[in-house]
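Chain by chain, the residues:
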Amino acid sequence: MHWFNHQLQHLCDTLLLDLWKPLLPEDIQAGEELHARVPASSLQELKGCLNQHLISYEYVYYFLKGIPLYFCEEMIHSKAKALLGKTPLFKVLIRDVQGQLDSSMAREGSSHWRVPEGYSYTVYHPMEEIYHWMYQIKESNSELVTQHYLGMTYENRPVYYLKISQPSDKVKKIIWMDCGIHAREWISPAFCQWFVKEILQNYKTDPKIKSFLQNLDIYILPVLNIDGYIYSWTTERLWRKSRSPHVNGTCFGTDLNRNFNGSWCSIGASHNCSSLIFCGTGPESEPETRAVARFIEKRKSDVLCFLTIHSYGQYILIPYGYKTDLANKTSGSSRDWAHMIGIPFSYTFELRDKGAYGFILPPDQIPPTCEETTTAVMTIIEYVNQKYFPNCVVAVTSGSQWLWLSVLFAWTLS
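Fair warning: this is a prediction, and the values are worked out from it, not measured in the lab.

Enquirer: Can you tell me about the environment of Phe359, naming the residues and giving the values?
Expert: Considering the arrangement of structural elements, one finds Phe359 in the loop between strand 13 (345–351) and helix 12 (366–388). The class of Phe359 is buried, set by a relative accessible area of 5%. As for Phe359 and His310, which are separated by 49 residues in sequence, their C-alpha atoms are 9.9 Å apart. Non-local contacts of Phe359, meaning those with residues more than four positions away in its chain, are made with Trp20, Arg184, Glu185, Arg237, Leu238, Ser311 and Tyr312.

Enquirer: Mind laying out the packing of aromatic side chains, listing which residues take part and the relevant values?
Expert: In the structure shown here, the tally under the stated rule is 22 aromatic pairs. On the numbers, 4.9 Å between centres and 55° between planes, the contact of Tyr161 with Phe295 is tilted. A residue pair is termed long-range when its members are at least 10 positions apart, and Tyr161 in strand 6 (residues 158–164) and Phe295 in helix 10 (residues 287–298) qualify at 134 residues. One exposure class covers both Tyr161 and Phe295, and it is buried. Ring geometry for Tyr219 versus Phe295: centroids 5.9 Å apart, planes at 55°, classification tilted.

Enquirer: Describe in detail helix 10, supporting the description with residues and values.
Expert: Look at helix 10: 17 Å from first C-alpha to last across 12 residues, which is about the 16 Å you get at 1.5 Å a residue. Considered for burial, the residues of helix 10 that qualify are Pro287, Glu288, Thr289, Ala291, Val292, Ala293, Phe295 and Ile296.

Enquirer: So what's going on with the sheet that holds strand 13? Residues and values would help.
Expert: If you trace the 7 strands from one edge of the open sheet to the other, you get 5-6-8-7-11-13-12, paired in mixed fashion. Each of the sheet's edge strands pairs with one partner strand only, and the pair in question is strand 5 (145–152) and strand 12 (315–317). Between one strand axis and the next, the sheet turns through 20° on average, direction left out of account. Note that strand 5 and strand 6 share 7 bridges and pair antiparallel.

Enquirer: Mind laying out the pairing of strand 11 (residues 303–311), listing which residues take part and the relevant values?
Expert: Side-chain positions along a regular strand alternate between the two faces of the sheet. In terms of burial, strand 11 is a largely internal element, 9 of the 9 residues being buried. Relative to strand 11, strand 7 (residues 173–179) runs parallel, the two being bridged by 6 bridges. Counterpart to Asp178 in the pairing with strand 11 is Thr308. The pairing of strand 11 with strand 13 spans 7 bridges and is classified as parallel. Its bridge partner being in strand 13, Phe306 is matched across the sheet by Ser346.

Enquirer: I'd like to hear about unusual backbone geometry, residue by residue, with values.
Expert: The amide bond that connects Lys21 to the next residue, Pro22, takes the cis arrangement and shows omega of -10°. Relative to the assigned elements, Pro22 resides in the loop between strand 1 (18–21) and strand 2 (35–39). Cis peptide bonds are those with omega within 30 degrees of zero, and the linkage from Ser311 to Tyr312 qualifies with 5°. When you line up the elements, Tyr312 lands in the loop between strand 11 and strand 12. The backbone of Val247 sits at a positive phi, close to 50°, despite the residue not being glycine. Turning to its location among the elements, Val247 is positioned in the loop between strand 9 (245–246) and strand 10 (251–252). Despite not being glycine, Ser263 shows a phi value in the positive range, around 50°. Secondary-structure assignment places Ser263 in the loop between strand 10 and helix 10.

The rules we used
Residues numbered from 1 in each chain as written. Predicted model: local features only at pLDDT ≥ 70, side-chain atom pairs only at ≥ 80, totals over all residues. Heavy atoms only, no water. Helix = DSSP H or I, 4+ residues; strand = E, 2+ residues; numbered from the N terminus. Buried < 20%, exposed > 50% of the residue type's maximum accessible area, 1.4 Å probe, protein only. Contact = heavy atoms within 4.5 Å. Phe/Tyr/Trp six-rings, centres within 6.5 Å; stacked < 30°, edge-to-face > 60°. Expected span 1.5 Å × (residues − 1). Pairing = 2+ DSSP bridges. Axes fitted to C-alpha atoms, helices over the stretch in contact; angles between N-to-C directions.

In structure tokens form, the structure reads like this:
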């Protein structure tokens, strides 16, 4: 097993593969899926390295010859197969990543957004349209929604969040949700917009929403990494980090989800500014991270739940990423930081899918992704509401949901 892991790690380092899963070569484990993107110009070198390290390349080369970019799982040669003791699995997940990117960009570029009532929640929107949407939402729902300034990005763009609050004389507790901390994860901002829509469309008739809005205010930040998100639309669709320059402008961007002051840069992060998981020059070195941290710290006694929305993988992560025995260990994440400063419930949602499309999830997956995630988020909020305000709750959650939540929250509080 150690031999096999080492060979794959060496291969990733040598060819500078764009790892999608896991993000670090040292997190590659036998028996786990490996997702990577490689330029077609490196195909011959890849072929030689696979041959050298006894990893079969025949089917990879057959499917991908002449295609600009690709995305695949590893296939293990017979020697590695003997070490693993099972038949390896190989399949091409996306045969033409560039083609998928081009078609997606063309489709999204045709969005008709300037009519407020015609805003579509089933396509991805560039930042200009999201800014406009936020303004229209607060104007059209002034009895419930207000828009607030959080801070500025490195490239001097304003960061706003929406506050959904039922008018009341009492001081209420807070549920925080942020989206778009990683630029290429477009499904994340799409979900934040969808969730706002669901609240506004249903709060007058849904007893669950009516109940928790009596006690809880919902703060929603649709896009945190605005500079990176815009860059992913204009220049490089698969860009992940922010856009701050480092080392005299020789590399750009910090992974904002490695930049929080929670066991900063101790594991699952890098001091190399060229890395996808560059942790920054210090804790909260980035203006976007610093804006969130200062805002939450001032209100930490009132924040009961911190939710941060990502993709992909279809799972929920609990604190602490640097202590877990699983792959993909992390440090400096907003989830860990929030729990460390005393917020009781802190979770990372990794939305669809499991790798068939990865970071370029087609728009037709927006509705099912957002529907299932809305159900999960609503259930968590309902649980928090019942826990802290037991005399004000409408009992509408199913037994199976409570069982799932009991396990989830037990892990968080342990």
